[in-house]
Structures are given as structure tokens and as C-alpha cells.
Amino acid sequence: MNKENNGINKFQRYLSIWVALCMVIGILIGKYAPVVPQFLSQFEYANVSIPMAILIWIMIYPMMMKVDFESVKNVGKNPKGLFVTWIVNWLIKPFTMYLIAFLFFMIVFKTWITPELATQYLAGAVLLGAAPCTAMVFVWSSLTKGNPAYTVVQVATNDLIILVAFVPIVKFLLGVSNIEVPWMTLILSVVLFVVIPLVAGILTRIVVTKQKGKDYFENIFSRKFDNLTSVGLLLTLVLLFAFQGETILNNPLHILLIAIPLIIQTVLIFIIAYGTCKFLKLPYDIAAPAGMIGASNFFELSVAVAIALFGTSSPAALATTVGVLTEVPIMLMLVRFANKTKNNFK
């Protein structure tokens, strides 16, 4: 693994602070310079915001480059940890997210949230639950001294499963919630925000590695895009909050209300995956990344799909953005917990 994966950099460590700053900047733009979001909202194709799509590509493409899909050939080595990852990510996580979000938005918080907003927040939570993490898993794995080679296999297979599992799971859970979404919009979102950057990342990795070698690619070439990813994320959040400004100002308490079920879901999924690995007597350096990949979310994809399905100013898009706000501090807490309990594993 490259040097970046040996720890968490300043941007990643303080991601929640940057998100909060972007929230403030975006809200101010939406309130005092509404012409900016109004102008950008004109550029759409098939309900997909073109400016947002460009920024999300800037975020996702460098991440896809870093995943070594050749590692999939090692999938047969110690498969128990992979089975835990796959089962938790795709057969448990989306459905526990739905149940927890439904409980809080539709029942516990019904005094403060209208049924229309509750439905939209539930949709945003579903999109988060159906998209387990990819790139940030490398950071969490390194902080818990996880097995780097095994983590690559977990991430690579997870990215491949997203291609076939994300759309039907989202369609099913939103259908249960009486939220009608067109198949074509969901499929187009996956093609735009997963398939295209995935293929571009694979081709880039193959070409550069053949010309310069794997060490050059991982330690020099891919690191050139780190700042680009950060800039893309921050600009995306500024635009998103600019579109969301009126909704947030009218419902400031809702940020906290959205965060509560998301935090509960994150901790629950970590406990399930991490505890299952302990029960199966898997080594710690496999158990820790298995817990992290399920607990964290591919929030870039979730935000992009929420925007494509419901619009940039939708409450669903706001819910996915709150997922960004809460993820880093909770994941760092889980990293500390894992490191303190590592001696419980053989």
C-alpha cells in the first residue's frame, strides 16, 4: 500500500469540520446569492445536474484508480472474512438502515418532522445504507493495523458487487416506502458515478503501471490526485448546501434528527461485522477492516444518486450529506475501540 494509507491526513481527520464550513458557506450563498444555484440548476440532463456530476467524477475517479482489481484473484484465500463483508454489506446493512431510519423518522420524530420530509429523509438513509464504503476503508484499515492486501480484496469485490446489487436493493427499499423511482434513473446513476469512473480508474492504473511500474503508480502518480479529490468534495458540498439553504434554515433541528439514526446504524453494523469475525475466530487484522467497510458509507455515490433521483435541493440529498458530516468522528471512535480490543483476538 502507498504511504497515504499509513495514516489519516489532516483533511480526512477534520473532514467533519470542513463539511460544517461548507455548510455555512453554501447556506450563505443560497441566502444572499441565490442567483448562483439558480444559474447552475439550468444545466441538467435526464435529471442529473451536470456541474454536480463533474465534481463527483473528480472525487470518485482518483479513488477508483487506487483499487487493485487484480487482487480479486486472491478471493479464495481465507474466504471467511470476505463472506462476513459481503453478507453484512449487502444482506444486513441496507435493511437495518431502512428499519432504523423508518423507526426514527416515521415514529419517534413524527412530532418534529412532517410525513413528506420523513419520507425524503428515509430515502436518503436508504441510499447511504445501500452503498458501503470504498476508498476511506484504506484509511480505517491502516489506522487499525489491518491486513492491507486483504483490505484491497475486500474493497475490490465490494466495488464489483455494487454494480449489480445497488440498484435492485435501492429500488426495493424505496418501493416498500412508496417512493416511486424510475429504473432508468437508478441505472443511469450507477453508470455515471460507478461504471465510468471505475473503467477510467482501471485503464489508468493498467497504462501507468505498464509504463512506469506499480511502485511509481501507488507512491507518486496516484498521490497527485489527492488534492483534486479534496477540492471536488468541498465544492460539491458547497453547491449542495447552497441548493439546500432554505430547507436547512427552515429546519435547523433536522440536521441533528437525521444524524441520530445514521450514528446508531454505523455503530450497529460495526458491532455485527466485528463481532461475527470474533465468533468465527478470524485474526484481528481481517476483523477490523471487515467492521470498518460495513460501518462507513460510499457517501459520494449516495449524494450523487440522491441528487439524480430527487434534485439538488431535496431533503433526501440533505440526508445523504448529513452522512458525510457524521461519518468521520464516529469512524475514528470505532477505530479507537478496535485498537483497544485487538488483544481479544488470537
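See the structure above.
One structure accompanies this document, and this report is about it. For every chain, the first residue of its written sequence is number 1, and the numbers climb from 1 along that sequence. Note on the predicted model: pLDDT of at least 70 is required for a residue's local features to be given, and 80 or more for side-chain atom pairs to be given and counted; whole-chain, interface and lining totals, by contrast, use all residues. To obtain the side-chain values, all non-hydrogen atoms of the structure were used and water was disregarded.

Some words on the packing of helix 7 (residues 136-143) against helix 8 (residues 148-176)
Every axis in this analysis is a line fitted to C-alpha atoms, fitted for helices over the stretch in contact. Angles between the N-to-C directions lie between 0 and 180 degrees. Only DSSP runs of H or I with at least four residues qualify as helices, and only runs of E with at least two residues qualify as strands; both kinds are numbered from the N terminus onward. Put simply, helix 7 and helix 8 touch, their axes get as near as 10 Å, and they point 155° apart. The angle between helix 7 and helix 8 places the two elements in the roughly antiparallel class. Where helix 7 crosses over helix 8, the handedness of that crossing is right-handed. Residues Val 137, Phe 138 and Ser 141 of helix 7 form the contact with helix 8, whose participating residues are Thr 151, Val 152 and Val 155. Taken together, the residues that form the contact of helix 7 with helix 8 break down as four nonpolar, two polar and no charged. To sort the angles, those under 35 degrees are grouped as roughly parallel, those over 145 as roughly antiparallel, those from 65 to 115 as roughly perpendicular, and the leftovers as oblique. Take the far helix as the reference: if the near one is turned anticlockwise from it by less than a right angle, the crossing is left-handed, and if turned clockwise, right-handed. A contact between two residues is defined here by any heavy atoms of the two lying within 4.5 Å. Residues are grouped as follows: nonpolar covers Ala, Val, Leu, Ile, Met, Phe, Trp, Tyr, Cys and Pro; charged covers Asp, Glu, Lys and Arg; every other residue, Gly included, is treated as polar.

Things to note about empty space enclosed by the protein
A cavity, in this analysis, means grid points on a 1 Å lattice covering only the protein atoms where a 1.4 Å probe fits yet has no way out; a pocket is instead an open set bounded by protein on both sides within 12 Å along at least five of seven lines, and a residue lines either one if it has an atom within 4 Å of a point. Grid points are joined across faces, edges and corners, and a volume is the space filled by probe spheres set on the points. One pass over the structure, following the stated rule, counts two cavities of 30 Å³ or more. Empty space within the largest cavity amounts to approximately 70 Å³. As for the largest cavity, its lining consists of Met 97, Leu 262, Ile 263, Thr 266, Ala 295, Ser 296, Asn 297, Gly 323, Thr 326, Glu 327, Ile 330 and Met 331. Residue assignment for the lining of the largest cavity shows that the elements contributing at least two residues are helix 12 (253-279) and helix 15 (315-341). When residues in the lining of the largest cavity are grouped by element, the largest group, five residues, is from helix 15. Put simply, the second largest cavity is a space of about 40 Å³. Taken together, Met 59, Leu 233, Thr 236, Leu 237, Phe 299, Glu 300, Val 303 and Val 324 make up the full set of residues lining the second largest cavity.

A short note on helix 13 (residues 284-295)
Three or four residues apart is the spacing at which side chains of an α-helix point the same way, because the helix has 3.6 residues per turn. End to end, helix 13 covers 16 Å across twelve residues, agreeing with the expected 16 Å (1.5 Å per residue, within 8%). Three exposure classes are used, based on accessible area relative to the maximum for each residue type with a 1.4 Å probe and protein chains only: buried under 20%, partly exposed in between, and exposed over 50%. Counting buried positions along helix 13 yields eleven of twelve residues, so the element is predominantly enclosed. Restricting attention to buried positions, one finds in helix 13 the residues Tyr 284, Ile 286, Ala 287, Ala 288, Pro 289, Ala 290, Gly 291, Met 292, Ile 293, Gly 294 and Ala 295. Structurally, helix 13 contributes buried residues whose contacts are with helix 5 (80-108), helix 7, helix 8, helix 12 and helix 15. By this rule the span expected of a helix is its residue count minus one, scaled by 1.5 Å.

Topic: unusual backbone geometry
Outside of glycine, negative phi angles account for most residues, and trans bonds account for most peptide bonds. We note that Lys 145 has phi near 60°; this positive angle belongs to a residue other than glycine. By the secondary structure assignment, Lys 145 is in the loop between helix 7 and helix 8. Even without glycine at this site, Lys 281 takes up a positive phi of about 60°. As for its position among the elements, Lys 281 is in the loop between helix 12 and helix 13.

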